[in-house]
Amino acid sequence: MGLNELGGHPSKHLAGDYRTEAEPDDFDLVKRCQKGEAVAFDELVTKYRSKVFSMIYGMVQNEQDAWDLAQDGFLKAWRSIHRFKGQSSFYTWLYRIMTNVTIDALRRKNFRSDTEFDDRVAPIEVEPGSRTTPSSVPLPDLTMERAEVRQRIESAINKLSPEHRAVIVMKEIQELQYNEIAEILGCSIGTVMSRLFYARKKLQTLLKDVYENL
Amino acid sequence: MKTFEERYTAYLDGLLSESEAAIFEQERPALVAQKAEWAKLQRVLRENLVSVELTNTDFFNSQLLQQISNAPSRSRSLVAGWLGIPWLAWGGLGAVTAGIALFITLIPHGDLSDPGSGYVAQVLKTTTIDPNVSATVESRKGITIIKLEGLEKVPADEDLTR
C-alpha cells in the first residue's frame, strides 16, 4: 500500500482553500510578512483563523482556551515567519505551529472542558416511595439527549493524550488524510495510523454505551 | 503495511484493497462486527462534534495585531541582538583569542635546547662511517643527549673532549 493510497487526495481543508486558488496569494502575503508588513499577516489571519480555531477547539474543548491558543499560535507564526521557506504550504506550516502550541499547552495544563461531564447536568429524580436509587448509568432503552451525548464525547476526548486528540480531531472532524496529518505532526504515516488505532479503541471503550444506545 | 495497528486502521477507513480486506477478515472474523461498531461511533462523533465558529473575529485580529505591535520587530531585534547577547559572545570570543595569542607569544614552549643540536644530528648521520651505527639526538631541559646505537666501541684515537 503506497502513500498515495494511504493519503488519498488532499483533503478539502488543505487543497480546496489553499493549494489551488490561494497558493500564490499566500506566498505573496508571506513574502510581505517577511518584510515586516503586519497588514499582510492580518490578511493571513483573517483567512485561516476560523479553521485554526476550530481545530484547536476540537482538541481543548474550551472556547476561551482555544481563543488564547490561537492567538499564541498566530503570534508564534508571525515571529518565525522569516524561517518559512515555502517547502510546505503555508497552511500546513501554520497548522503545525498551532498543533504544537496546543499539544504543549495540553501537556502543561489540564484544560477543563466547557461542558465537562457533570452528573448535575442530568439530575436523577428519585420517586418519593422508591426503595432503590436509580443507577446513574443511562438505561439502554432511553434515548440520550443530544447535549448529554456531546458532553460524553467531549469528556472522552479529554481523556485522550494530546497526540491522540490531535489525530482524532484532524481525521474525524477536520477530515484530513493520513499524509496531511503526518506532515502537520512531523511524524510518519505509520505513526499516525497507530495513534488513530489506539485513540479509536479508547473512544470505543469510553463511549460504548453512547453509540450502542442511539 | 506492516503492523496490525496500521492494517486495522486502514481497514476501518476502507483503504485496504478488496483482496487485502478479505484476507484480513479471514484472519480475524470479528473484524466485520468491529468495523460496523466503529462506523456507529464515527457517525456519532461527526454528528456531535460540529466545528465551533470563532466569534468576535475583528476583535481576534485587533488583539493579535496589538500583540504584534507590542512585540519587538525582527529588524529591531536583530539590531538589539548584535548589540545584546551576541555582542557579549563576540567580546568573549575576542578575549579568548587574545589570551591564546598572548600564550603563544609570551610563554616559552617547543624545543628549548641548543639550536645547534639538530645540526649535530645531521653531521653525525652523514659522518658516521659504520652503516650499522645510527645516531640520534634528544634535547631534554637544556641537555643534549647524543645516542649512538650499534656502536661496539669508541675508537681509541677518538677525542671525546672535543
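Computed from a predicted structure; not experimentally measured. (Residues numbered from 1 in each chain as written. Chains lettered and ligands numbered in written order. Predicted model: local features only at pLDDT ≥ 70, side-chain atom pairs only at ≥ 80, totals over all residues.)

This part takes up the overall build of chain A. Helix and strand content of chain A: ten helices and zero strands. Listing each helix as α and each strand as β along chain A from the N terminus yields α-α-α-α-α-α-α-α-α-α. Here chain A, with 214 residues, has 40% of them falling under the buried criterion. A separation of at least 24 residues holds for 73% of the contacts in chain A among residues at least 6 apart in sequence. (Helix = DSSP H or I, 4+ residues; strand = E, 2+ residues; numbered from the N terminus. Buried ≥ 20, exposed ≤ 12 C-beta atoms within 10 Å, placed from the backbone. Contact = placed C-beta atoms within 7 Å.)

To continue, consider the overall build of chain B. The secondary structure content of chain B amounts to seven helices and two strands. Going from the N terminus to the C terminus, chain B shows its helices and strands as α-α-α-α-α-α-α-β-β. Residue burial in chain B is summarised as follows: out of 162 residues, 9% are buried. Within chain B, contacts between residues at least 6 apart in sequence are counted, and of these 20% link residues at least 24 apart.

Taken together, the contact between chain A and chain B spans 38 residues of the former and 34 residues of the latter. Among the secondary structure elements, those contributing two or more residues to the side of chain A that touches chain B are helix H1 (3-7), helix H4 (38-60), helix H5 (63-79), helix H7 (146-158), helix H8 (162-173) and helix H10 (189-212) of chain A. Within the side of chain A that touches chain B, the residues separate by chemical class into 20 nonpolar, ten polar and eight charged. (Nonpolar A, V, L, I, M, F, W, Y, C, P; charged D, E, K, R; others polar.)

Let us now look at the pairing of strand S2 (residues 143-149) of chain B. Within a regular beta strand, the side chains point alternately toward one face of the sheet and then the other, so they alternate between its two faces. Residues and elements named next belong to chain B. For S2, the tally of buried residues reaches only zero of seven residues, placing the bulk of the element at the surface. Across seven bridges, the pairing between strand S1 (residues 134-140) and S2 is antiparallel. In the sheet register, Arg140 faces S2, and the bridge partner there is Ile143. (Pairing = 2+ DSSP bridges.)

Time to look at unusual backbone geometry. Of note, the phi angle at Glu175(A) is positive, near 55°, even though the residue is not glycine. Relative to the helices and strands, Glu175(A) is located in the loop between H8 and helix H9 (178-185). Given 12 C-beta atoms within a 10 Å radius, Glu175(A) is considered exposed. Residues other than glycine seldom take positive phi values, yet Asn56(B) does so here, at roughly 50°. Summarising the element assignment, Asn56(B) is placed in the loop between helix H3 (31-48) and helix H4 (57-70).

What follows covers the confidence of the model for chain A. A low pLDDT means the predicted coordinates there should not be read in detail. Residue and element names in this part refer to chain A. When pLDDT is averaged across chain A, the result is 80; 72% of the residues are at 70 or more. Note that pLDDT drops below 50 for residues 15-23; the model gives that stretch ten contacts with residues more than four away or on any other chain. In this model, residues 113-128 is a region of pLDDT below 50 whose contacts with residues beyond four sequence positions or in other chains number 23 contacts. (pLDDT = per-residue confidence, 0-100.)

Let us look at helix H1 (residues 4-12) of chain B. All names here are of chain B. Counting buried positions over the nine residues of H1 gives seven, a clear majority of the element. Among all positions in H1, only Glu6, Arg7, Tyr8, Thr9, Ala10, Tyr11 and Leu12 are buried. Looking one or two residues beyond H1, the residue adopting positive phi is Gly14, at roughly 70°.

Here the focus is the nonpolar core. Residue and element names in this part refer to chain A. One finds Ile56, Leu94, Ile181 and Val192 to be the most contacted residues of the largest nonpolar core, which totals 67 residues. With eleven residues, the top contributor of residues to this core is H4. When near neighbours in sequence (up to four residues on either side) are disregarded, Ile181 contacts Val167, Met170, Lys171, Leu176 and Val192. (Core = buried A, V, L, I, M, F, W, Y, C linked by C-beta atoms within 7 Å.)

Another point: the packing of H5(A) against helix H6 (residues 90-108) of chain A. Residue and element names in this part refer to chain A. H6 packs onto H5 with a crossing angle of 130° between their chain directions and a minimal axis gap of 9 Å. The angle between the axes of H5 and H6 places the two elements in the oblique class. Handedness of the H5/H6 crossing: right-handed. Between H5 and H6, the residues in contact are Leu69, Asp72, Gly73, Lys76 and Ala77 and Leu94, Ile97, Met98, Val101, Thr102 and Ala105, respectively. (Axes fitted to C-alpha atoms, helices over the stretch in contact; angles between N-to-C directions. Parallel < 35°, antiparallel > 145°, perpendicular 65-115°, else oblique. Left-handed = near helix turned anticlockwise from the far one by under 90°.)

A word on H10(A). The largest bend in H10(A) is about 60°, located at Leu206(A). Within H10(A) the residues assigned to the buried category are Ile189(A), Val192(A), Met193(A), Arg195(A), Leu196(A), Phe197(A), Ala199(A), Arg200(A), Leu203(A), Leu207(A), Val210(A) and Tyr211(A). (Bend = angle between axes of the 7 residues up to and from the residue.)

It is worth spelling out the packing of H7(A) against H10(A) at this point. All names here are of chain A. Contact pair H7 / H10: the axes reach a minimum separation of 10 Å and the direction vectors enclose 165°. Here H10 runs roughly antiparallel to H7, going by the angle between their axes. For the element pair H7 and H10, the recorded crossing hand is right-handed. On H10, the residues touching Val149, Arg152, Ile153 and Ala156 of H7 are Leu203, Leu206, Leu207 and Val210.

This part is about the environment of Asp104(A). Residues and elements named next belong to chain A. With respect to the helices, strands and loops of the structure, Asp104 is situated in helix H6. Judged by C-beta crowding, with 13 C-beta atoms within 10 Å, Asp104 ranks as partly exposed. In this structure, the C-alpha to C-alpha distance between Asp104 and Pro162, residues 58 residues apart in sequence, is 8.3 Å.

The subject of this paragraph is the confidence of the model for chain B. All names here are of chain B. Per-residue pLDDT for chain B averages 79, and the proportion of residues at 70 or more is 74%. Per-residue pLDDT, averaged within each element of chain B, yields its smallest value for helix H5 (residues 74-83) (51) and its largest for H1 (95). Scoring the predicted complex yields pTM 0.63 and, for the interface, ipTM 0.71.

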